[in-house]
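Here's the letter readout for the chains.
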Amino acid sequence: MAVSTIYSTQSLNSTHFLTSSSSSSTSKHVFFYRRNQSQTNRRFNTTIITCAQQQTIVIGLAADSGCGKSTFMRRLTSVFGGAAEPPRGGNPDSNTLISDTTTVICLDDYHSLDRTGRKEKGVTALDPRANDFDLMYEQVKALKSGVAVEKPIYNHVTGLLDAPELIQPPKILVIEGLHPMFDERVRSLLDFSIYLDISNEVKFAWKIQRDMAERGHSLESIKASIEARKPDFDAFIDPQKQYADAVIEVLPTQLIPDDNEGKVLRVRLIMKEGVKYFSPVYLFDEGSTISWIPCGRKLTCSYPGIKFNYEPDSYFDNEVSILEMDGQFDRLDELIYVESHLSNLSSKFYGEVTQQMLKHADFPGSNNGTGLFQTIVGLKIRDLYEQLIANKATAPAETAKA
Ligand SMILES: Nc1ncnc2c1ncn2[C@@H]1O[C@H](COP(=O)(O)OP(=O)(O)OP(=O)(O)O)[C@@H](O)[C@H]1O
Ligand SMILES: O=C(CO)[C@H](O)[C@H](O)COP(=O)(O)O
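This one's a predicted model, so the numbers in the text were calculated from it and none came from an experiment.

Undergrad: In this structure, what is going on with a negative patch on the surface? I would like to understand it.
TA: On the surface, a cluster of negative charge is made up of E273, D285, E286 and E319. Mapped onto the fold, E319 is located in strand β17 (residues 318-327). Residue class for E319 comes out exposed when judged on its relative accessible area of 59%.

Undergrad: Explain the site of ligand 1 here, please?
TA: Taken together, 14 residues lie around ligand 1, and G66, G68, S70, T71 and T370 are the ones closest in. The backbone of K69 places a nitrogen or oxygen atom 3.0 Å from an oxygen atom of ligand 1. In the model, a nitrogen atom of ligand 1 is placed 2.8 Å from a nitrogen or oxygen of the T370 side chain. Expressed as a share of its isolated accessible area of 630 Å², the protein-covered part of ligand 1 is 82%. The class makeup of the residues in the shell around ligand 1 is three nonpolar, eight polar and three charged.

Undergrad: Teacher, can you tell me more about the site of ligand 2 here?
TA: Ligand 2 sits among S65, D108, H111, R115, R118, A125, Y154, H156, L178 and R229. Here H111 contributes a side-chain N or O atom positioned 2.7 Å from an oxygen atom of ligand 2. Interatomic distance of 2.9 Å between a side-chain N/O atom of R118 and an oxygen atom of ligand 2. Protein coverage of the free-state accessible area of ligand 2, which is 370 Å², stands at 79%. A class-by-class count of the residues in the shell around ligand 2 yields three nonpolar, three polar and four charged.

Undergrad: Looking at this structure, I do not really get the packing of aromatic side chains. What am I missing?
TA: Working definition: an aromatic ring pair is given by the centre-to-centre distance plus the angle between the planes. Tallied over the entire structure, the rule returns eight aromatic pairs. Ring centres of F284 and W292 lie 5.2 Å apart, and the angle between their planes is 85°; this geometry places the pair in the edge-to-face category. Residue F284 is classed as partly exposed on the basis of its relative accessible area of 38%. Take W292: its relative accessible area is 11%, and that puts it in the buried class. Through a chain of ring-to-ring contacts, the aromatic side chains of F284, W292, F308 and Y337 assemble into a single cluster. The ring centre of Y243 lies 3.6 Å from the NZ or CZ of R187, which sits over that ring. The lysine or arginine in question, K203, covers the ring of F233, its NZ or CZ lying 3.6 Å from the ring centre.

Undergrad: Before we go on, may I ask you to explain the nonpolar core in this structure?
TA: A general feature of soluble globular proteins is that nonpolar side chains tend to end up buried together. Counting 57 residues, the largest nonpolar core has I59, F192, I194, F308, L323, L372 and F373 as the members making the most contacts within it. Considering every element that reaches this core, the biggest residue donor is helix α9 (residues 369-394), with nine residues. Among the nonpolar cores identified, the runner-up in size contains 34 residues, and L107, F133, M136 and L143 belong to it.

Undergrad: Where do I start with the state of the cysteines in this structure?
TA: Working definition: the covalent bond between the sulfur atoms of two cysteines is a disulfide. On inspection of all chains with the given rule, the structure shows one disulfide. Here C295 connects covalently by a disulfide to C301, the sulfurs 2.1 Å from one another. The sign of the S-S torsion, about -80°, decides the handedness of the disulfide formed by C295 and C301: left-handed. Accessibility expressed as a relative area gives 26% for C295, which makes it partly exposed. Among the residues examined, C301 registers a relative accessible area of 24% and is labelled partly exposed. Looking at C67, it has no disulfide partner, and the nearest cysteine sulfur is the one in C106, 13 Å off. Accessibility expressed as a relative area gives 3% for C67, which makes it buried. Accessibility expressed as a relative area gives 7% for C106, which makes it buried.

Undergrad: Please explain the packing of helix α8 (residues 352-359) against α9 as it appears in this structure.
TA: The description of two helices packed together rests on the angle between their axes and the distance between the axes. The N-to-C vectors of α8 and α9 enclose an angle of 120°; their axes lie 10 Å apart at closest approach. In this view, α8 runs oblique relative to α9, as classed from their interaxial angle. Handedness of the crossing formed by α8 with α9: right-handed. Of the residues in α9, those in contact with E352, V353, Q356 and M357 of α8 are G371, L372, T375, L379 and R382.

About the criteria used
- Residues numbered from 1 in each chain as written.
- Chains lettered and ligands numbered in written order.
- Predicted model: local features only at pLDDT ≥ 70, side-chain atom pairs only at ≥ 80, totals over all residues.
- Heavy atoms only, no water.
- Patch = residues over 30% accessible without salt bridge, like charges linked within 9 Å, V, L, I, M, F, W, Y side chains within 5 Å.
- Areas by Shrake-Rupley, 256 points an atom, 1.4 Å probe, with all protein chains shown as cover.
- Salt bridge = Lys/Arg side-chain N within 4 Å of Asp/Glu carboxyl O.
- Lys, Arg positive; Asp, Glu negative; His and termini not counted.
- Charge placed at Lys NZ, Arg CZ, Asp CG, Glu CD.
- Helix = DSSP H or I, 4+ residues; strand = E, 2+ residues; numbered from the N terminus.
- Buried < 20%, exposed > 50% of the residue type's maximum accessible area, 1.4 Å probe, protein only.
- Near = heavy atom within 4 Å.
- Polar contact = N/O pair within 3.5 Å; in protein donor to acceptor, adjacent residues only side chain to side chain.
- Nonpolar A, V, L, I, M, F, W, Y, C, P; charged D, E, K, R; others polar.
- Phe/Tyr/Trp six-rings, centres within 6.5 Å; stacked < 30°, edge-to-face > 60°.
- Lys NZ or Arg CZ within 6 Å of the ring centre and 35° of its normal.
- Core = buried A, V, L, I, M, F, W, Y, C linked by side-chain atoms within 4.5 Å.
- Disulfide = S-S within 2.5 Å.
- Axes fitted to C-alpha atoms, helices over the stretch in contact; angles between N-to-C directions.
- Parallel < 35°, antiparallel > 145°, perpendicular 65-115°, else oblique.
- Left-handed = near helix turned anticlockwise from the far one by under 90°.
- Contact = heavy atoms within 4.5 Å.

Right under this line is the structure:
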C-alpha cells in the first residue's frame, strides 16, 4: 500500500496546509489549518472522498459589492438547468449556492479579518490584508483537482467567521467576489474569468435602489460608504479587469443628453480574442465595425430607443471584440429579432437567448444589455465547459490554460 504525505507551511497569515493520500483506496484526505486572529488554531476539515474522474472547471467572477454578481450567478446556473440552493442542512447564513452542475462560492468567505478585526486594524474588506489568499489558493486548487475542502464561512449577518462548511468538487466551480483575479496563483487556476465593471454613476443608482429602498439606509450613509471604499476599490478591485476574458461594462446611456437618472443603460460586452474555447459573439459580420438601430417594424422601441454597436478594439493591450447595447427593450418577446442577427452565441437552439431572458424577466436588467450579455456569457461558459470536457476526455493531461 503506497501512502504519501505532504506537509507545507504557508508564509502568510500563519496558514498551514497538510494533505495525505492513499493510492490504494483512491481516497484523499485534506486538512486545512488556519490560525485566526486570537491565535487559536482552527482546523478546516478532514475529508475523505473518492474522486477518480472528477473534472472541475473554475470560473472567476469579479465585481464590487452590489454590482449584480448574484443576479449573474442566477442566470448562469439557469443555463445549466436546475435551481441553485445553499448547502442542505448547513449554516443558514452560508454564502454558497449549489446546483446539479455548478457550485458558486463567495470569496468573502476568505476574509481573514472579521468585521471587528477590520475596524480595529482600519482596513476595508477590499484590502488584501483582510483576506487569506493562501487558503483561497489551496482550496480552489484542491477543488479543481477533485478534492473536497472545508471552506470557512464569513457571516454577513453577524460579521463573524463561522464554522466551516464542506464543499465537494463540482463540475463547474464559480468563485465570485471581490478578488478572484487578484492573486496570481488563484488567477492561474481560472479556466475563464469575467469582470462586471459598473461605472460610478450606475453603481450609485443601484446602491440607492437597494440600500435605501430595501435596507433602509440613508442617502448620506450610502454616499459615505461608496466614498470610503473608493480608494481600495481603485487600488485592488478595478485593476483585475485587465485579466478578464470577458468584461461587462455598464455605463449611463448616451441616448439621453445629460442623463443622470441611471435607468437607461449603455452596456458593453468586451470579449478577449484568442482565448481557448471562447469565440466572441458578433453582429452581422465578424471583425467589421457595425452600428445598428433595430427599432422599426420588427422591434417596438419607445424613447430613447435602442442602439447596437459592434467593433474590434484593444483593451489593456489585448485584442478584443466589443458588442454594445444602449437603451432598453419594450417587449422582451421581440428580442428574438435581435438574437437572429447575432452570431456565435453558443446556443443549443434558435431562440435560446430569448427563452432564457423571458424565463427570468423579473431579474434586474432583463430589459437591457446587462441581462442580455449576462445570458450570452452564461451560454459561452456552458460551451467552454463542454469543449473542455470533450477535450480532456481525449487528452487527459491538457488544461485550458497552459
Ligand atoms: N442589471 C441590473 N440592472 C439594474 N439593477 C441591478 C442590476 N443588477 C443588479 N442590480 C441592483 O443591484 C442590487 C445588487 O444586485 P446583486 O445582489 O446581484 O449584486 P451583488 O454583487 O451580488 O451584491 P452583494 O455583493 O452586495 O451581495 C440589486 O438588488 C439591484 O437593485
Ligand atoms: O465588499 C463586500 C463584499 O460583499 C462586503 O462589504 C464585505 O464582505 C464585508 O461584509 P459586511 O459589510 O457584511 O461586513
